[in-house]
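Residue-level structure breakdown
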Amino acid sequence: MAPSIPVLPLLDVHRSVLELRLSGTWQSFHVADGAALAAALADAVGRPRWDAVTSQLVVRVPLRGHASGRTLFFSLIKFSLPLPTARLVG
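Every value quoted in this text rests on a predicted model; they were computed, and no experiment measured them.

Section: the overall build of the protein chain
- Looking only at helices and strands, one finds 1 helix and 7 strands in the protein chain.
- By the burial criterion, 28% of the 90 residues in the protein chain qualify as buried.
- By sequence separation, contacts in the protein chain at least 24 residues apart represent 37% of the contacts at least 6 residues apart.
- A total of about 6,400 Å² of accessible surface is found on the protein chain, and carbon and sulfur atoms cover 59% of it.

Quick notes on the nonpolar core
- Residues Leu-20, Leu-37, Trp-50, Leu-57, Val-59, Phe-74 and Leu-76 are the most contacted members of the largest nonpolar core, which totals 14 residues.
- Breaking this core down by element, the ones donating at least two residues are β3 (17-22), β4 (25-31), α1 (34-43), β6 (56-63) and β7 (66-78).

Regarding the sheet that holds β3
- Strand order in the open sheet formed by 7 strands is β1-β5-β6-β7-β4-β3-β2, with antiparallel pairing between adjacent strands. Each having just a single partner strand, β1 (5-6) and β2 (10-12) make up the two edges of the open sheet.
- One ladder, built from 3 bridges, connects β4 with β7; its direction is antiparallel. Bridge pairing links Val-31 to Leu-76 in β7.
- Across the sheet, α1 lies against β2, β3, β4, β6 and β7, angled at about 55° from β6, the strand it touches most.

Re the packing of aromatic side chains
- Taken as a whole and assessed by the stated rule, the structure comprises 1 aromatic pair.
- Centroid distance Phe-29 to Trp-50: 4.9 Å. Interplanar angle 45°. Geometry classified as tilted. Linking Phe-29 in strand β4 with Trp-50 in strand β5 (residues 49-51), this pair joins segments that are 21 residues apart in sequence.
- Among the residues examined, Phe-29 registers a relative accessible area of 3% and is labelled buried.

Considering the pairing of β4
- In this sheet, β4 lies alongside β3 in antiparallel orientation, the contact comprising 6 bridges. Bridge pairing links Leu-22 to Thr-25 in β4.

What counts and what doesn't
Residues numbered from 1 in each chain as written. Predicted model: local features only at pLDDT ≥ 70, side-chain atom pairs only at ≥ 80, totals over all residues. Heavy atoms only, no water. Helix = DSSP H or I, 4+ residues; strand = E, 2+ residues; numbered from the N terminus. Buried < 20%, exposed > 50% of the residue type's maximum accessible area, 1.4 Å probe, protein only. Contact = heavy atoms within 4.5 Å. Areas by Shrake-Rupley, 256 points an atom, 1.4 Å probe, with all protein chains shown as cover. Core = buried A, V, L, I, M, F, W, Y, C linked by side-chain atoms within 4.5 Å. Pairing = 2+ DSSP bridges. Axes fitted to C-alpha atoms, helices over the stretch in contact; angles between N-to-C directions. Phe/Tyr/Trp six-rings, centres within 6.5 Å; stacked < 30°, edge-to-face > 60°.

Set out below in structure tokens:
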């Protein structure tokens, strides 16, 4: 079983699209509840972790009365086609 790796996710809440830089390339994923993931990332304790085996983003958030907090798991679905990229012109 491969260990999870720490990541710095980029999240587009309106489209529920999460981007992760894995193995030197950006990969795009769909998350079912972008707003819930945004709230979890805002409250996160430490860096989120990517688990490639289960295709889940693992986020730890504080929990009163529990020193280790609570672990939340967000299932991600990888886009099969690359998303269009935007360029800033100016």
